[in-house]
Each structure stands twice: as structure tokens, then as C-alpha cells.
Amino acid sequence: MAHANSVADASSSAPAAARPLLVTGTIGIDTVETPSARADRVLGGSAAYFAAAASRLTPVRLVGVVGDDLPASHRSTLEGLGGVDLRGLETRAGGKTFAWGGKYLLNLNERETLFTELGVVAEAPPRVPEVFADSEFVFLGNTHPAVQAGLLEQVPSRAVAVADTMDLWINVAHDELVHLLSKVDGIVLNDSEAAQLTGVRNAITAGRRILGYGPTFAVVKKGEHGAVLVHRDGVAVVPAFPAEEDMVVDPTGAGDTFAGGFMAHLARTGRSDLDTLQEALAWGTVMASFTIGAFSLDGVARATPADLAERYRRFARHARV
Ligand code: AMP
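## Examining the sheet that holds strand β8 (residues 137-140)
- Read across the open sheet, the 9 strands follow the order β5-β4-β1-β8-β9-β10-β11-β12-β13; overall the sheet is mixed. Two strands lie at the open edges of the sheet, namely β5 (84-92) and β13 (234-238), each paired on one side alone. On average, each strand axis in the sheet is tilted by 15 degrees relative to the strand beside it, whichever way the strands run.
- For strand β4 (residues 60-67) and β5, the ladder comprises 7 bridges, and the chain directions are parallel. From the neighbouring strand, glycine 64 faces β5, where its bridge partner is leucine 89.
- Contacting β4 and β5, helix α2 (residues 72-80) crosses the sheet at an angle of about 155 degrees to β5.
- Against the sheet, helix α8 (residues 254-269) contacts β1 (21-24), β8, β9 (160-164), β11 (217-221) and β12 (227-231), and its axis sits at roughly 165 degrees relative to β8.

## Considering helix α7 (residues 203-211)
- Turning to α7, its buried residues are Ala203, Ala206, Gly207, Ile210 and Leu211. The buried residues of α7 all sit within an arc of 150 degrees when viewed along its axis, so they share a single face.
- The N-cap residue of α7 is asparagine 202: its side-chain oxygen and the backbone nitrogen of isoleucine 204 are 2.9 Å apart.

## Some points on the pairing of strand β2 (residues 28-33)
- With respect to burial, β2 is a largely interior element, 5 of its 6 residues being buried.
- As judged from the 5 bridges shared by β2 and strand β3 (residues 38-44), these two strands associate in the antiparallel manner. What sits directly across from valine 32, in β3, is alanine 39.
- Counting the residues in the hairpin turn of β2 and β3 gives 4 residues.
- Sheet analysis places β2 next to strand β6 (residues 99-104), joined by 5 bridges and oriented parallel. In the strand pairing of β6, threonine 31 is matched with glycine 101.

## Brief notes about the confidence of the model for the protein
- For the protein, mean pLDDT is 93; residues scoring 70 or higher make up 94% of the total.
- The low-confidence segment residues 1-15 (pLDDT under 50) makes 36 contacts with residues lying over four places distant or belonging to another chain.

## Points about the site of the ligand
- In the region of the ligand, 14 residues are neighbours, and Asp30, Gly45, Arg111, Gly253 and Asp256 sit closest.
- In this structure, threonine 26 approaches the ligand through a side-chain N or O atom, which is 3.0 Å from a nitrogen atom.
- In the environment of the ligand, an oxygen atom lies 2.7 Å from a nitrogen or oxygen atom belonging to the backbone of glycine 45.
- In the complex, 83% of the free accessible area of the ligand, which totals 500 Å², lies under the protein chains.
- Here the shell around the ligand takes 3 residues from α8, the largest share from any one element.
- Partitioned by chemical class, the residues of the shell around the ligand number 4 nonpolar, 7 polar and 3 charged.

## Notes on the packing of α8 against helix α9 (residues 274-291)
- With their axes 7 Å apart at the nearest point, α8 and α9 run at an angle of 140 degrees to one another. With respect to α9, the axis of α8 lies oblique. In this structure, α8 crosses over α9, and the sense of that crossing is right-handed. Along its contact with α8, which presents Ala254, Thr257, Phe258, Gly261, Phe262, His265, Leu266, Arg268 and Thr269, the element α9 presents Thr276, Leu277, Glu279, Ala280, Leu281, Trp283, Gly284, Thr285, Met287, Ala288 and Thr291.
- For the contact of α8 with α9, a count of residues per class yields 10 nonpolar, 8 polar and 2 charged.

Basis of the calculations
Residues numbered from 1 in each chain as written. Predicted model: local features only at pLDDT ≥ 70, side-chain atom pairs only at ≥ 80, totals over all residues. Heavy atoms only, no water. Pairing = 2+ DSSP bridges. Helix = DSSP H or I, 4+ residues; strand = E, 2+ residues; numbered from the N terminus. Axes fitted to C-alpha atoms, helices over the stretch in contact; angles between N-to-C directions. Contact = heavy atoms within 4.5 Å. Buried < 20%, exposed > 50% of the residue type's maximum accessible area, 1.4 Å probe, protein only. Arc of directions from axis to C-beta. Polar contact = N/O pair within 3.5 Å; in protein donor to acceptor, adjacent residues only side chain to side chain. pLDDT = per-residue confidence, 0-100. Near = heavy atom within 4 Å. Areas by Shrake-Rupley, 256 points an atom, 1.4 Å probe, with all protein chains shown as cover. Nonpolar A, V, L, I, M, F, W, Y, C, P; charged D, E, K, R; others polar. Parallel < 35°, antiparallel > 145°, perpendicular 65-115°, else oblique. Left-handed = near helix turned anticlockwise from the far one by under 90°.

Below, the structure is given as C-alpha cells:
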């Protein structure tokens, strides 16, 4: 499928048969402090980051809700990404847009949440518009698992649905999360969340336990140690991108853009076999490596197609994908 920002050549896959990719999640206003800099009220949110990364490889349909206080410049940034269909972005009159504040500690690996203002995200969830109901690849950004399940029901043609989650839902909505796991094909979570959900510290064993709830694969992220994908047909691993200290400006969005690169590679190839999933892990890692180089969506949005393709080639060699 023709797409202005696409990186068409950088995969060993057979001819692309791109399938529609839908993401649901937050579009928010972030305030981020790092030891050396700060960004005030910049565009963020899980779906915004995901879309910025995924749209570099394939068109994306975005479903989310904002208030009418979303700055016009943030809306223009989303429009300017190119390849992101915003017909599922609902603006609620009088509502407040999701806002989040985070502060990184000296090593930039640890983050403290300073505030989370849910605003319209605490109200009724958005609807998947009729024109998006035929989406085949679906990513359910992190929110209450019952809301994720409700959104998923609105996409009956899905071929591959993947959900993100977090420690909060494992604690307060365990049963709903287990129910969601019986409906999705994949789950993305970090190693401490996988341990919390299964009671097992080993990422591969934990991943296997998660498959027992229903999904075909689980991606367990291990921060600076990369990620492992546990699949019914085997296991795939990917190291983290070997980033030098001066490459990291703001890690916010690394997880969401990892998911964006991962899902976009599946959607653009129309496949989800273990080899394609392994390539997708590398694409996710490449997108995250650009995201951490700047605040907000800037790092991944301004990388040129040549930058992306070159880093993928270098990384794939390194990772022996
Ligand atoms: P990441 O660094 O990949 O974990 O993603 C950070 C992004 O997630 C930021 O842009 C936040 O606006 C957004 N975010 C933070 N907390 C939440 C939450 N509870 N639900 C959904 N999105 C969130």
C-alpha cells in the first residue's frame, strides 16, 4: 500500500499485503522532567506515541477521546504525522484531556509518576467508528481490561488483537484481565508485570503461563535487556538497542512506540508467524530507539525513512534476526 512515510524495503518479508491497523489508547498532555531538561504540556499518550511510530510503516486508525482543551498545535502534530486516520478521535465539549506528569531519576531507567489526571478518559470510553470496524490488526492500549474488551467487540473482523496492560490492572481488575486474555492473540507487558500476573520470575516460564490464559503469544519486555516473545511455536528474543548515554533525552513513550513498530510490521506484511514476529520485535526496538532521542513524539516522527531503514539493517544484523 502506498504511503508517503513508508519504509518499504527494510524487511526480508515476502510481498507486503498491508491490512488495516487500529489503535485505541490515550492521547494526552505530558509534562516530563529529566535530570537535565524538562518539557511542559507536550503531546503524549499511549495511542499518540503508538500512532507516531506505526504510521512510519503503515497507515493507522486511531480511536481515542480528548477534551476541547487539547491545544491546536497538538492536534496539528497528530494531523501532520501523515498516515494516521483521526476519524476515531472524539473531542468532548467541556471535557479535559488526559494529562500525565513524570520525572526520571539520574539513570533514566527509573521513573516516578508525578500526577495522572484522567479527565475524559474516566468517562464513557470512545466508540470504534463504523468505518474502522473492518480493522484486521488491533492494538488495545493500556486501560481497564473491561474497557479494552468492550472496544475489541467493536472490531469483529480482527485477525490479530494485542493488548497492553500494567500493574494497576493486575491488582485491581485481575479477573477482567484474565477474561481479556482469552479474547486476544497477544499481550505486551514488562517482566515485573509478568511476574506479578503469574507468580513466576523467569520471563519465559511466566510467558508460557500467560499462554495458558488463551493468547498465542506474550511479549515480555525487559527494559535495557530487550524483550522475549513466548509463542506457542517457540521463543524469540531481541536485545535492546545499544544506546549510548548521550542518545537518551527522554525515555517516555519507548514502550508505546515499541508496540507501534511491532504491530505495524505485522499489519503491513499481513502475517503473524514466528519469523514475522521476530522481525516485528526488531522494528519495535528501532522505533523505541528513535523515540528516546527527543521529547514527545519528535524523535520517532522526524527520523527519515532512510534513518529508519538504516538502523533496522544495522540492528537486525546485530540481533541476528
Ligand atoms: P511509556 O513511556 O511507553 O510507558 O508511555 C508513556 C505515555 O503513557 C505517556 O505519554 C503518558 O501520557 C501515557 N500514560 C501514562 N500513564 C498512563 C495510564 N495510566 N493510562 C494510559 N496512558 C498513560
